[in-house]
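The lines below spell out each chain.
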Amino acid sequence: MSKNCKQPCVIACVTPQDSCIRLIETGARIAAEENLPLVVMSVFRESKGLDANSGGALESLFECAKKYNAQMNVYFNNSPALVVAVASKKLGAVNLVTGFPQEGSSGFIASIHEILPDLPITMVDENSNEFRMMPVGICSNI
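These numbers come from a predicted model, not from an experiment.

Caption draft 1: Structural detail: the nonpolar core. Ranked by internal contacts, the top residues of the largest apolar core, which has 21 residues, are V14, L38 and V40. Those elements giving two or more residues to this core turn out to be β1 (9-13), α1 (21-34), β2 (38-44) and α2 (52-67). Looking at which element gives the most residues to this core, the answer is α1, with five residues. Ignoring sequence-local partners within four residues, the contact set of V40 consists of A12, V14, I24, A65, A70, Q71, M72 and N73. Of all hydrophobic cores here, the second largest spans 19 residues; its members include C9, V43, I109 and I121.

Okay, here's the thing in structure tokens:
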């Protein structure tokens, strides 16, 4: 067996907002149901960097991730969807948890779905309602 075998995981994508704690909590629940580890990920555009407000929110998100024994990764790249898609593939993600896109969104979720059409995506709105984007041919009892 190859040493490069990846262990499946659930990934929660967050932005530097305290409201993203709901994404970590949803990811933790899904990971627990699947008996998998949770990975929390945030991608900042290199061109914008990290400001003081973002740092405080990231600290709260880090503490929440730690509560669920999740590793948290922060990346700086001007192509966030590509970074998340590559990391999802490398880490063996079986589900990607994101916020629910608002009107006029950047197309982040659509881009990831285009790159990784077989990856289930769970979108969580501001009221913690879940919406799932499942690959074609996958049935769910939800």
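Caption draft 2: Representation of the side chain of T26 within the structure. With respect to the element layout, T26 can be found in helix α1. Overall, the relative accessible area of 7% leaves T26 in the buried class. T26 has contacts with V97, T122, V124 and E130, leaving out every residue within four places of it along the chain.

Reading the values: rules and limits
Residues numbered from 1 in each chain as written. Predicted model: local features only at pLDDT ≥ 70, side-chain atom pairs only at ≥ 80, totals over all residues. Heavy atoms only, no water. Core = buried A, V, L, I, M, F, W, Y, C linked by side-chain atoms within 4.5 Å. Buried < 20%, exposed > 50% of the residue type's maximum accessible area, 1.4 Å probe, protein only. Helix = DSSP H or I, 4+ residues; strand = E, 2+ residues; numbered from the N terminus. Contact = heavy atoms within 4.5 Å.

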